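# Coordinate analysis (summary)
Here is how the chains run, residue by residue.
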There are 2 protein chains.
Amino acid sequence: MGGDFAPQVTVEGAHAALAHLSEQTTLVLFGDRAALAAADNYGLLDDPRVEVVHTTEVIAMGDHPVKAFAQKNDSSIAVGFRHLCGGEIAGFASAGSTGAMMVGCMQAVGQIEGVIRPAIATAFQTARGGEVLLLDVGLNADCKPEVLAQYGIFGSIYARTTLGIENPRVALLNIGEEAEKGNLLTKATYPLMAECGATGAYNFVGNVEGKHLLTGEVADVVVCDGFSGNTLLKTVEGFYHILQGKGVHVPFLEGLNYENVGGTPVLGINSTVIIGHGCSSALAITNMIRLTERAARTDMVSQFKRAFKH
Amino acid sequence: MGGDFAPQVTVEGAHAALAHLSEQTTLVLFGDRAALAAADNYGLLDDPRVEVVHTTEVIAMGDHPVKAFAQKNDSSIAVGFRHLCGGEIAGFASAGSTGAMMVGCMQAVGQIEGVIRPAIATAFQTARGGEVLLLDVGLNADCKPEVLAQYGIFGSIYARTTLGIENPRVALLNIGEEAEKGNLLTKATYPLMAECGATGAYNFVGNVEGKHLLTGEVADVVVCDGFSGNTLLKTVEGFYHILQGKGVHVPFLEGLNYENVGGTPVLGINSTVIIGHGCSSALAITNMIRLTERAARTDMVSQFKRAFKH
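One structure accompanies this document, and this report is about it. (Residues numbered from 1 in each chain as written. Chains lettered and ligands numbered in written order. Predicted model: local features only at pLDDT ≥ 70, side-chain atom pairs only at ≥ 80, totals over all residues. Heavy atoms only, no water.)

Before going further, it helps to spend a moment on helix 1 (residues 8-18) of chain B. All of the buried residues along helix 1 of chain B are Val9, Thr10, Val11, Gly13, Ala14, Ala17 and Leu18 of chain B. Next to the buried residues of helix 1 of chain B lie strand 1 (27-31), helix 2 (33-39), strand 2 (50-54) and helix 11 (282-296) of chain B. (Buried < 20%, exposed > 50% of the residue type's maximum accessible area, 1.4 Å probe, protein only. Helix = DSSP H or I, 4+ residues; strand = E, 2+ residues; numbered from the N terminus. Contact = heavy atoms within 4.5 Å.)

With that settled, consider the pairing of strand 2 (residues 50-54) of chain A. With five bridges joining them, strand 1 (residues 27-31) of chain A and strand 2 of chain A adopt parallel strand pairing. Bridge pairing links Phe30 of chain A to Val53 of chain A in strand 2 of chain A. (Pairing = 2+ DSSP bridges.)

So, on to the sheet that holds strand 5 (residues 131-135) of chain B. Residues and elements named next belong to chain B. Judged by pairing direction, the sheet is mixed, and its eight strands sit side by side in the order 3-10-9-4-5-8-6-7 without closing on themselves. Each edge of the sheet is formed by a strand with only one pairing partner; in this case those strands are strand 3 (91-94) and strand 7 (203-208). Direction aside, the axes of adjacent strands within the sheet are offset by 30° on average. Pairing between strand 4 (residues 119-125) and strand 5: five bridges, direction antiparallel. Bridging across to strand 5, Ala123 finds its partner in Leu133. Those strands touched by helix 6 (residues 145-161) are strand 4, strand 5, strand 6 (169-173), strand 8 (221-223) and strand 9 (264-267), and its axis lies near 160° from that of strand 8. Each of strand 4, strand 5 and strand 6 is contacted by helix 8 (residues 226-245), which is oriented at about 35° to strand 4, the strand it contacts most. (Axes fitted to C-alpha atoms, helices over the stretch in contact; angles between N-to-C directions.)

To continue, consider the packing of aromatic side chains. Per the stated rule, a full pass over the model turns up 17 aromatic pairs over all chains. A ring pair is formed by Phe239 of chain A and Phe252 of chain B, whose centres lie 5.8 Å apart and whose planes are at 65°; its orientation type is edge-to-face. One end of the pair, Phe239 of chain A, is in helix 8 (residues 226-245); the other, Phe252 of chain B, is in helix 9 (residues 251-254), on a second chain. The pair formed by Phe239 of chain A and Phe252 of chain B is uniform in burial state, with each residue classed as buried. (Phe/Tyr/Trp six-rings, centres within 6.5 Å; stacked < 30°, edge-to-face > 60°.)

A word on the sheet that holds strand 10 (residues 272-275) of chain A. Residues and elements named next belong to chain A. Taken together, eight strands build an open sheet; the order of strands is 3-10-9-4-5-8-6-7 and the sheet is mixed. Among the strands making up the open sheet, the edge pair consists of strand 3 (91-94) and strand 7 (203-208). Geometrically, the sheet is characterised by an average inter-axis angle of 30° between neighbouring strands, direction not taken into account. Here four bridges tie strand 3 to strand 10, and the two strands are oriented parallel to one another. Bridge pairing in strand 10 places Gly91 opposite Thr272.

Let us now look at the pairing of strand 9 of chain B. Residues and elements named next belong to chain B. Taking every second residue as pointing to the same face, both faces of strand 9 are buried, with Thr264 and Val266 on one and Pro265 and Leu267 on the other. As defined by bridge partners, strand 4 adjoins strand 9 across two bridges and the pair is classed as antiparallel. Directly across from Ile120, in strand 9, lies its bridge partner Val266. Between strand 9 and strand 10 (residues 272-275), which pair antiparallel one after the other, the connecting turn spans four residues, and Gly268 there sits at a positive phi close to 100°.

With 94 residues, the main nonpolar core has Phe81, Phe239 and Leu243 of chain A together with Phe81, Phe239 and Leu243 of chain B as its most contacted residues. Phe239 of chain B has contacts with Leu214, Val236, Phe239, Leu243, Phe252, Leu253 and Leu256 of chain A, leaving out every residue within four places of it along the chain. (Core = buried A, V, L, I, M, F, W, Y, C linked by side-chain atoms within 4.5 Å.)

All names here are of chain B. Secondary-structure assignment places Asp220 in the loop between strand 7 and strand 8. The class of Asp220 is buried, set by a relative accessible area of 10%. Setting aside residues no more than four positions away along its own chain, Asp220 makes contact with Glu131, Val132, Leu133, Ile165, Pro168 and Arg169.

For the pair chain B and chain A, the best superposition has an RMSD of 0.0 Å and corresponds to a rotation of 180° with a translation of 0.0 Å parallel to the axis. The transformation just described matches what one would write down for a two-fold rotation axis. When the interface residues of chain B are mapped onto chain A, 100% of them again fall at the interface, so both copies present the same face. (Least-squares fit on C-alpha atoms with pLDDT ≥ 70 in both.)

What follows covers the packing of helix 6 (residues 145-161) of chain A against helix 12 (residues 300-307) of chain A. All names here are of chain A. Contact pair helix 6 / helix 12: the axes reach a minimum separation of 10 Å and the direction vectors enclose 150°. In this view, helix 6 runs roughly antiparallel relative to helix 12, as classed from their interaxial angle. In this structure, the crossing between helix 6 and helix 12 has a hand that is right-handed. On helix 12, the residues touching Ile153, Phe154, Ile157, Tyr158, Arg160 and Thr161 of helix 6 are Met300, Gln303, Phe304 and Ala307. A per-class count over the contact of helix 6 with helix 12 returns seven nonpolar, two polar and one charged. (Parallel < 35°, antiparallel > 145°, perpendicular 65-115°, else oblique. Left-handed = near helix turned anticlockwise from the far one by under 90°. Nonpolar A, V, L, I, M, F, W, Y, C, P; charged D, E, K, R; others polar.)

Here the structure, examined in full by the defined rule, presents 16 salt bridges over all chains. In this structure, Arg306 of chain A and Asp299 of chain A form a salt bridge, with 3.9 Å as the shortest nitrogen-oxygen distance. We classify Arg306 of chain A as exposed; its relative accessible area is 55%. Across the salt bridge formed by Glu178 of chain B and Lys181 of chain B, the nearest N and O atoms sit 3.4 Å from each other. Accessibility expressed as a relative area gives 37% for Glu178 of chain B, which makes it partly exposed. Connected through shared salt-bridge partners, Glu209 and Lys211 of chain A together with Lys234 of chain B make up one network. (Salt bridge = Lys/Arg side-chain N within 4 Å of Asp/Glu carboxyl O.)

With that settled, consider the interface of chain B and chain A. In many reports, interface size means the accessible area that the parts give up when they come together. Opposite the 33 residues of chain B that make contact, chain A presents 33 residues. Surface buried jointly by chain B and chain A totals about 3200 Å² across both partners, of which 76% is contributed by carbon and sulfur atoms. Contact with chain A buries surface across chain B, with Ile175, Phe227 and Phe239 of chain B losing the most and accounting together for 23% of the total. Applying the counting rule to chain B against chain A returns two salt bridges. Of the charged contacts, one joins Glu209 of chain A and Lys234 of chain B as a salt bridge, the two residues approaching to 2.2 Å between their closest N and O atoms. In this assembly, chain B and chain A are joined by 10 residue pairs in polar contact (both at pLDDT 80 or more). (Buried area = accessible area lost by both parts, 1.4 Å probe. Polar contact = N/O pair within 3.5 Å; in protein donor to acceptor, adjacent residues only side chain to side chain.)

What follows concerns the packing of helix 6 of chain B against helix 7 (residues 184-198) of chain B. All names here are of chain B. Contact geometry for helix 6 and helix 7: axes closest at 8 Å, N-to-C directions at 40°. With respect to their mutual orientation, helix 6 and helix 7 come out oblique. For the crossing formed where helix 6 meets helix 7, the hand is right-handed. Judged by residue contacts, Pro145, Glu146, Leu148 and Ala149 of helix 6 engage Leu185, Ala188, Thr189, Leu192, Met193 and Cys196 from helix 7. Tallied by class, the residues present in the contact of helix 6 with helix 7 amount to eight nonpolar, one polar and one charged.

In structure tokens:
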């Protein structure tokens, strides 16, 4: 039950999520039971689908993620990962320390054998209403061509299983549409992704430029290094905030609001983990929980394992 | 008088520009005199400030830029560069072949001694009304740290002389605000730019993230490699087009319309050259000419030369 505005906002968001979750889903809350109860003006804890696992420690913003994850054994993040690894929960999400969440992903959950580097992804709503998945959005600032080619597999599986996109069109973010365009990285990546397309690993549709990212017309999955992806993500967020500030309200823009996105899936690891924004509102918490259920109910992780089994 | 819609639109745009140009400015048109006259429904060619230099060849879209520039000696681009290098004109702009324009910049005009790599830049209107300059936006997809550090000088001089920004704040595009954040390139670039800040080469204000690019609150000049810059530029353009298509019209967005930007200055070379969009409308041609006058009337090039004189 982390996040900058926990537990109040987290409890509120969790309660609102219940209305959307399957009757078969159990929502397990990790946090201080008394604090949760004090914040519960909604009857959240009385719902038969809700369980509380009491934790006594908190990983703070200033804590060193690796140390905190190891030492604060009874924090909600540490306990949550133990439950995830033990199979007691099918997916885990938190708006708490992003650093500690990543430590949990890499150390407790671990990456899938054959994966060179896990990635984090963001889904944007496109101008025509569907979603486009961008990855990596910041986990690996420097990527090798082989890493980007694998991200095509990540994105394709996530888009198919969790976003519900059939035969997702996978593209490489580039500065020209022609195969020979690009920087050293994208020029070296293109033939590897084309090979993945040829062998049927995924539906590679070639290069896509920034101007086509949000149209939804060219690609469902856009692969790039974490520097480019993070920059793009933040530019779009900045654009969104400027237009909000100027009183522009159109549905397309609302689809770019992080509160509606739900969070950032960590892909290429042995379980389903979603990282929420630290400053999550109740709406963002609700959508984070809904996204986690959506991803955990698919066979995403086993599809990942099959894809990387050689 | 190049551009996809030349000469009709080019003549129209040039005529509209006249009203904004100084009485001391001469507008020299390079192109087929008969074609210009046939397109001139505005009395452009009768204006005492207008001169025509007759040219007989055209560099076409499909032409190889290097070959075309060398062989089509009497094209408007080749003749224009000869006039520029001969000092007969103070600045040169075209919406014709971007490739041939770049060949002219590199081969005919040449880069300033001490400059490692020239750059192309784009000015965006910011949310608070001023401008922010982004460079490089596509000339050098792969940059070394030393190149980016020099781009701070380029941007600072252009912002001061042509955009009229006093003591421009120069920032490095990055994926975090802290000095130690980034990919290999930006981590290596930061100390070099900090050194430029310390020695007074420019006013370095540190890292800036994509979300702050268009706010105008953090930086006046944002330096990045050409891959990142081109991607950002095209993402912003794409965003603009989507919102236009959805009927959103606010002044901030209009400031991002390429027609109002005027064109792309080529920086780090021995003269003033502005490259227009191939698909320039009359309004874009007008603003390209106005920008060229604005840049050519400053001492930008001599400031560049002084900055790189060691």
